[in-house]
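# What the coordinates show
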Amino acid sequence: MIRFENVSFSYEGNEQEGLEPVDLTIKDGECILLCGRSGCGKTTFTRLINGLIPNFFPGKLHGRVIVNDMVISETPMYQIAGQVGSVFQNPRTQFFNTDTDSEIAFGIENAALPFGELHQRVEQTEKDLHIEKLSQRSIFELSGGEKQKIAFASVYAMNPDIYLLDEPSSNLDMDAIIELKKTLQLLKRQGKTILVAEHRLYYLMDIIDRAFYFEQGRLKKIYSPHELMALTQQQREKMGLRATDLRAAEPSWHQIRSAGATLELKNVNLNYKKQRILENINLSVKGGEVIGIVGHNGAGKTTFSRAICGLHKEMDGKVLINGTVQSRKALRKHSYLVMQDVNYELFAESVEQESTFGIKNPDTELAKATLEELDLARFSQWHPNTLSGGQKQRLAVAVSMICHKDILVFDEPTSGLDFDNMLRVAQLIKRLAQMGKVVFVATHDYEFVCRACNCILHLDENKLVESYPICVEHEAQLKKSFAIT
Amino acid sequence: MNRQASHKWLWIDPRTKILLLLICVIAAAMAPNLTYEMGLVLLIACFALASGKVRLAIGGAIGYAFFYAISMFVMVYASETLQASLLAFLGLVHKIYLCGFMGGIIISTTKISEFLSAMNKLHAPKSLTIPLAIMLRYIPTIQEDWHFIKDAMRLRDVSPSLEGILFRPAMTLECIYAPLLMAASKASDELSIASVTRGIENPLSRTCYVDIRFHFTDVLVVVCFLAYVVIGRFL
């Protein structure tokens, strides 16, 4: 049982964020969805249960959180760890080991289980979660979805009573989400208590017992899944929530107004470490098109994105812009990659400097106008690191516009974004298309594809499976690409 | 189940590795001449080969050969004053190189969980081993970060190469450290969170999935190194 006794919290040095008083009880075996906009307090809520507040994040804490007779604020982390398991959003940095078996064993090693039992538990975990084929692998060769499974397995091996999952689906493809759902169902059958903080709601609707909706640090309302499903699209979007049923999401069928540059790929093959990643790709796209690159994790979307930007070495075939063949170096002059983690591409000390960074004779007028246009001008003296995630993304886009790039590739631009921010990215991308840019978006996000893309490029099994414009005739195909039935 | 059987390559206890590193540090500090050091580097390269780190072994040996050649060149051709200042510096490089080479092999062949458990058996305090473990774990993430940063630099027309560092040093370095620092602070926070929520601070003596014990091979490797360190002086 989890009991919140009039609990409130504010972070040290950031009083606005936190949680206003909450008083409630979560029964054993319940499955709770924590939803709301980014920064609404749902992550704070989970941190109050797994002890990261106050042990890792200091601040002002009032009231008591009690989990199975433990008062969290008075219990050392390692004792909480035995009963509360936490799985986090970024699978890359929650690994401690570099091989899968050791990673699964990490938690139970800390709990000092004897050698024989360690092996038994790891084996049992791999069996229960159907991940035997991931046994004895290096972490670095796993896909995002597989990493997430190992992170989960490591917590599962500790056999906690309570599971906390913080945006577990944000790096997963559609199939991996279905598997995640099955795992959650398994936990439910075992009578575990589950709390999931999540933006993507649709896959959880038939698992959860209650949904806690947070707004600006306040637990605003508790919904039953029926009540949540019954919200109209308008009500839901006003609350900043994503779709509860993907079948209801409709593509927007916007017209393509082709203009600007054309990009052609002729017989392009891509290898990685001498292994074939993608084979024989032929493609022709024009400015104004927004092409959603879809396919499973590990299908080659990243390799393809990098190749378009002239960053991938092992490549043969031809890439033409406006009919002329481009070298890799020339391709780099025309294209820009907006990475999933934008922090890697921000170098300078202020937004203003960033906008002209690396350009020999910068056009300061253009830079100013672009920052203005992307609503960044008022931050021009800020350090890029102090911007929010969405603002950083816009800054990267601003840079590409100032460098006169015609081809933009976005890698998972909406992973972990709430409805409002997803919509903002969709609008930004549409604006780029109207300016005549060729825009590629590697994504798993069906709702986002519906709002932003007008073409689909489906990669799988080392091939370009299909490419088609998003129009009424291709609706069935589109849904199939995203495993929506 | 015998997990040791699955080791294709030479596998020795992390504690033995620390002992080897100590031996190398002492040997390097007391090395009588360059030939002796070169022999030690070859021995370390053999150790790397046996541990399955072929590229590291070859790279390390070639790197040393490079410094060796420079030292020889200086000794033969440089003027006396230049020689005096350069040789002091190069002598230091030789010694540090040796230890760095050995350290690199140890880091790349030791799993974090092995390291933690071995430290535990040595009764090292957790306040020391946990930050060390997080640091060790952080090294491979730098490699991944570097790939992203390289891509980002190329798209901004900044060359992530030696040439870039030589001709536009300020800008190139800024490009590397700004995002790397950002990524590092985030990664270390997330790694720490992921470890404390799985009970790394548990005061109980930690167990290990890989069986950590001294084997005959441990003795053999130590004897090899000791033998060279002592006998090599008389060759």
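This one's a predicted model, so the numbers in the text were calculated from it and none came from an experiment.

## Side note on the overall build of chain B
Check the secondary structure of chain B and you find nine helices and zero strands. Along chain B, from the amino end to the carboxyl end, the secondary structure elements read α-α-α-α-α-α-α-α-α. With the principal axes as the frame, chain B shows a C-alpha extent of 60 × 55 × 30 Å. Each of the 235 residues in chain B was classed as buried or not, and the buried ones make up 46%. Sequence-distant contacts in chain B: of pairs separated by 6 or more residues, those separated by 24 or more amount to 77%. For chain B, the accessible area works out to roughly 12100 Å², and carbon and sulfur atoms hold 74% of it. Of the charged side chains in chain B, 20 are positive and 15 negative, and the gap between their average positions amounts to 8 Å.

## Digging into the packing of helix α6 (residues 144–157) of chain A against helix α7 (residues 174–189) of chain A
Residues and elements named next belong to chain A. Where α6 contacts α7, the axes come no closer than 12 Å and their chain directions differ by 10 degrees. On the basis of their axis angle, the class for α6 and α7 is roughly parallel. Counted together, Lys-149, Phe-152 and Tyr-156 of α6 and Glu-179, Thr-183, Leu-186 and Leu-187 of α7 form the full contact between these two elements. A per-class count over the contact of α6 with α7 returns four nonpolar, one polar and two charged.

## A short note on the nonpolar core
Residues and elements named next belong to chain A. Counting residues in each nonpolar core, the largest one holds 140 residues, and the members touching the most others are Phe-304 and Phe-440. Ranked by the residues each element gives to this core, the list is headed by helix α15 (residues 419–434), at eight residues. Setting aside residues no more than four positions away along its own chain, Phe-304 makes contact with Leu-265, Leu-270, Leu-278, Ile-281, Leu-283, Ile-293, Phe-440, Leu-457 and Leu-459.

## Focus: a nonpolar patch on the surface
Residue and element names in this part refer to chain B. The grouping of Met-72, Phe-73, Met-75, Val-76 and Tyr-77 at the surface amounts to a nonpolar patch, some 550 Å² of accessible area in total. Locating Val-76 in the fold gives a position in helix α3 (residues 54–77). Judged by relative accessible area, which is 59%, Val-76 ranks as exposed.

## Comments concerning the packing of helix α5 (residues 115–128) of chain A against α6 of chain A
Residue and element names in this part refer to chain A. For the pair α5 and α6, the least separation of the axes is 10 Å and the interaxial angle reads 125 degrees. One element, α5, and the other, α6, form an angle in the oblique class. At the point where α5 passes α6, the crossing takes the right-handed sense. Between α5 and α6, the residues in contact are Arg-121, Thr-125 and Asp-128 and Ala-153, Tyr-156 and Ala-157, respectively. Tallied by class, the residues present in the contact of α5 with α6 amount to three nonpolar, one polar and two charged.

## Description of unusual backbone geometry
Residue and element names in this part refer to chain A. Ile-53 connects to Pro-54 through a cis peptide bond whose omega is 5 degrees. Tracing the backbone shows Pro-54 in helix α2 (residues 52–55). The phi dihedral of His-404 falls on the positive side, at around 55 degrees, and the residue is not glycine. Looking at where His-404 falls in the secondary structure, it is placed in the loop between α14 (389–402) and β17 (407–411).

## As for the domain arrangement of chain B
Residue and element names in this part refer to chain B. With domains assigned, chain B is organised as domain 1 (1–111 + 213–235) and domain 2 (112–209). Distance from the C-alpha centre of domain 1 to the C-alpha centre of domain 2: 25 Å. At the junction of the two partners, domain 1 supplies ten residues and domain 2 supplies eleven residues. Across the domain 1/domain 2 interface, buried area totals approximately 910 Å², and carbon plus sulfur atoms make up 64% of it. If you look at where domain 1 meets domain 2, you find four residue pairs in polar contact (both at pLDDT 80 or more). Elements with a minimum of two residues in the side of domain 1 that touches domain 2: α1 (14–29) and α4 (80–109). Residue classes in the side of domain 1 that touches domain 2 are distributed as four nonpolar, two polar and four charged.

## Let's talk about the sheet that holds strand β5 (residues 70–71) of chain A
Residue and element names in this part refer to chain A. Judged by pairing direction, the sheet is antiparallel, and its four strands sit side by side in the order β2-β1-β4-β5 without closing on themselves. Looking along the sheet, the strands with just one partner apiece sit at the ends: β2 (14–26) and β5. Taken together, the seven bridges between strand β1 (residues 2–11) and β2 define a ladder with antiparallel strand orientation. If you follow Phe-9 over to β2, its bridge partner there is Leu-19.

## What about the packing of aromatic side chains?
Residues and elements named next belong to chain A. This model, assessed by the stated rule, comprises 22 aromatic pairs over all chains. On the basis of an interplanar angle of 90 degrees and a centroid distance of 6.1 Å, the ring pair of Tyr-11 and Phe-57 is categorised as edge-to-face. One end of the pair, Tyr-11, is in strand β1; the other, Phe-57, is in the loop between α2 and β4 (59–67), with 46 residues separating them in the sequence. Across the pair, Phe-57 and Tyr-11 agree in class, each one buried.

## Points about the sheet that holds strand β9 (residues 210–215) of chain A
Residues and elements named next belong to chain A. In space, the six strands of this open sheet follow the order β6-β7-β8-β3-β9-β10, with mixed pairing throughout. For this open sheet the edge positions go to β6 (84–87) and β10 (218–223), each flanked by a neighbour on one side alone. Shown here is a sheet whose adjacent strand axes are inclined to one another by a mean of 20 degrees, direction ignored. Where α7 meets the sheet, its contacts fall on β3 (31–35), β7 (162–166) and β8 (193–197), and the angle it forms with β8 comes to roughly 150 degrees.

## Quick word on the interface of chain A and chain B
Note on interface size: it is often stated as the accessible area lost on association of the parts. Every contact between the two is made by 66 residues of chain A and, on the other side, 56 residues of chain B. Buried surface at the junction of chain A and chain B, summed over both partners, amounts to about 5600 Å²; 59% is from carbon and sulfur atoms. When the buried surface of chain A facing chain B is broken down by residue, Phe-96, Tyr-344 and Phe-347 of chain A rank first, second and third, together holding 15% of it. Joining chain A to chain B, the criterion identifies seven salt bridges.

## Notes on α6 of chain A
Compared with the 20 Å implied by 1.5 Å per residue over 14 residues, the 20 Å span of α6 of chain A between its first and last C-alpha is a close match. Of all 14 residues in α6 of chain A, twelve are buried, a share of seventy percent or more. Along α6 of chain A, the residues that are buried comprise Gly-145, Glu-146, Lys-147, Gln-148, Ile-150, Ala-151, Phe-152, Ala-153, Ser-154, Val-155, Tyr-156 and Ala-157 of chain A. At its buried positions, α6 of chain A is contacted by β6, α4 (100–110), α5, β7 and α7 of chain A together with α6 (126–155) of chain B. In the segment just after α6 of chain A, Asn-159 of chain A is the residue with positive phi, at about 50 degrees.

How each quantity is defined
- Residues numbered from 1 in each chain as written.
- Chains lettered and ligands numbered in written order.
- Predicted model: local features only at pLDDT ≥ 70, side-chain atom pairs only at ≥ 80, totals over all residues.
- Heavy atoms only, no water.
- Helix = DSSP H or I, 4+ residues; strand = E, 2+ residues; numbered from the N terminus.
- Buried < 20%, exposed > 50% of the residue type's maximum accessible area, 1.4 Å probe, protein only.
- Contact = heavy atoms within 4.5 Å.
- Areas by Shrake-Rupley, 256 points an atom, 1.4 Å probe, with all protein chains shown as cover.
- Lys, Arg positive; Asp, Glu negative; His and termini not counted.
- Charge placed at Lys NZ, Arg CZ, Asp CG, Glu CD.
- Axes fitted to C-alpha atoms, helices over the stretch in contact; angles between N-to-C directions.
- Parallel < 35°, antiparallel > 145°, perpendicular 65-115°, else oblique.
- Nonpolar A, V, L, I, M, F, W, Y, C, P; charged D, E, K, R; others polar.
- Core = buried A, V, L, I, M, F, W, Y, C linked by side-chain atoms within 4.5 Å.
- Patch = residues over 30% accessible without salt bridge, like charges linked within 9 Å, V, L, I, M, F, W, Y side chains within 5 Å.
- Salt bridge = Lys/Arg side-chain N within 4 Å of Asp/Glu carboxyl O.
- Left-handed = near helix turned anticlockwise from the far one by under 90°.
- Domains from an automatic or database assignment.
- Buried area = accessible area lost by both parts, 1.4 Å probe.
- Polar contact = N/O pair within 3.5 Å; in protein donor to acceptor, adjacent residues only side chain to side chain.
- Pairing = 2+ DSSP bridges.
- Phe/Tyr/Trp six-rings, centres within 6.5 Å; stacked < 30°, edge-to-face > 60°.
- Expected span 1.5 Å × (residues − 1).

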